[in-house]
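# Geometric and topological summary
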Amino acid sequence: MPFLEVADRVWVARYDWFDVNVTLVRGSDGLLLVDTHASTQAAARVVDDVQALGVGEVTAAINTHEHFDHTFGNHEVRRAYGAVPIHAHEAAAERTVLAGERAQDRYREDVDDPHRDEVLATEIVPADHTFSSAVVLDLGDRVVELVHPGRGHTAGDLVVRVPDCDVLLAGDLVEESAPPAYGDDCYPLEWPWTLDILLGLTTSASVVVPGHGAVVDREYVEVQRNQVGLVAQSIRDLAGRGVRAEDALEAAEEWPFPRAALTHAVRRGYAQLTRGERRLPLA
């Protein structure tokens, strides 16, 4: 059974492809599905696994951000359960189609990828229920809170808080099975501050579900927050010393993550400092 109960009526399934987590939260009105996997075909397996669990029908879905490995199952969820609402932050919903098309372009070029055909065959469906800061969803006998703590992995990250059982679904703001994913749409200088707000939604007993990998606790997130903060501070320090962006990765003696994972972090951080697009908090 892929779905394992990690707290009262909260189940997490960890799928091999991308090591991505899909979560169910049950209320008396039905099931809330958090993230829908990376293709119509992959989502069909999720639907089968939900049915095998036998705890109810999905009545709403959430995308924690716009990347295809979290949204490409939206169409299949609608096929299986009808026109259920799909919730996301407004920035994520706005970018879902473009981000999905870019992912499909990458798969189109990689003729050897075993998932190529299923990604290309997927119909991209963006969320249709959006919010800007925070919103509460009523599941009948319990509520969940959707919070946009700030920009980090993307511009539209949200976290899902289940307050009655002290669970926080962190999306890709927190990673367990790999370093935090600094892609070409990340905000590395703001990510530490965003994690501070995320941590403010937890307690020492919280169960935290990352976007990828094993379930973690608050202490794990605190460590990762400090690592993300070190990346941000290193970028600021290097830029302040006049080190060129193309030389920055090698100029620093030590990074908390492999250099190969930080290419976009440095480029995006330098660009944001150059633009001065907003006053950035200290890491």
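Each chain has its residues counted from 1, running along the sequence as written. Owing to the predicted nature of the model, reporting of local features is limited to residues with pLDDT of at least 70; listing and counting of side-chain atom pairs is limited to 80 or more, with chain, interface and lining totals taken over all residues. Excluded from the side-chain calculations are hydrogens and water; all other atoms, namely the structure's heavy atoms, are used.

Turning our attention to the environment of serine 133. Each helix is a run of H or I in the DSSP string that is no shorter than four residues. Each strand is a run of E no shorter than two, and both are numbered from the N terminus. Inspection of the secondary structure assignment puts serine 133 in the loop between strand E7 (129–131) and strand E8 (134–138). Here's how the labels work: a residue is buried when its accessible area is under 20% of the maximum for its type, exposed when over 50%, partly exposed in between, all with a 1.4 Å probe on protein chains only. Residue classification places serine 133 among the partly exposed positions, given a relative accessible area of 47%. For the pair serine 133 and histidine 89, spaced 44 residues apart in sequence, the C-alpha to C-alpha distance is 7.9 Å. Residues within four places of serine 133 in sequence aside, it is in contact with Leu146, Val147 and His148. Here, two residues are considered to be in contact whenever any of their heavy atoms come within 4.5 Å of each other.

Turning our eyes to something else, we now look at the nonpolar core. Definition of nonpolar core: a set of buried residues of the types Ala, Val, Leu, Ile, Met, Phe, Trp, Tyr and Cys, connected through side-chain atoms within 4.5 Å. Counting residues in hydrophobic clusters, the biggest one holds 31 residues, and the most contacted among them are Tyr182, Leu198, Val231, Ile235, Trp255 and Leu262. Going through the elements one at a time, strand E11 (167–175), helix H6 (191–199), helix H7 (218–240), helix H8 (245–251) and helix H9 (263–275) are the ones with two or more residues in this core. Ranked by the residues each element gives to this core, the list is headed by H7, at 6 residues. Beyond its immediate chain neighbours, meaning those up to four positions away, leucine 198 contacts Pro149, Val159, Leu168, Ala170, Leu173, Val174 and Val221. Trp11, Tyr15, Leu24 and Leu53 belong to the second-largest nonpolar core, a separate cluster that totals 25 residues.

What follows covers H6. What H6 keeps buried is the set Trp191, Pro192, Thr194, Leu195, Leu198 and Leu199. Relative to the axis of H6, the buried residues are bounded by an arc of 155° and lie together on one face. Packing partners of the buried residues in H6 comprise strand E10 (159–162), E11 and H7. The directions considered for the arc are those from the helix axis to the C-beta atoms.

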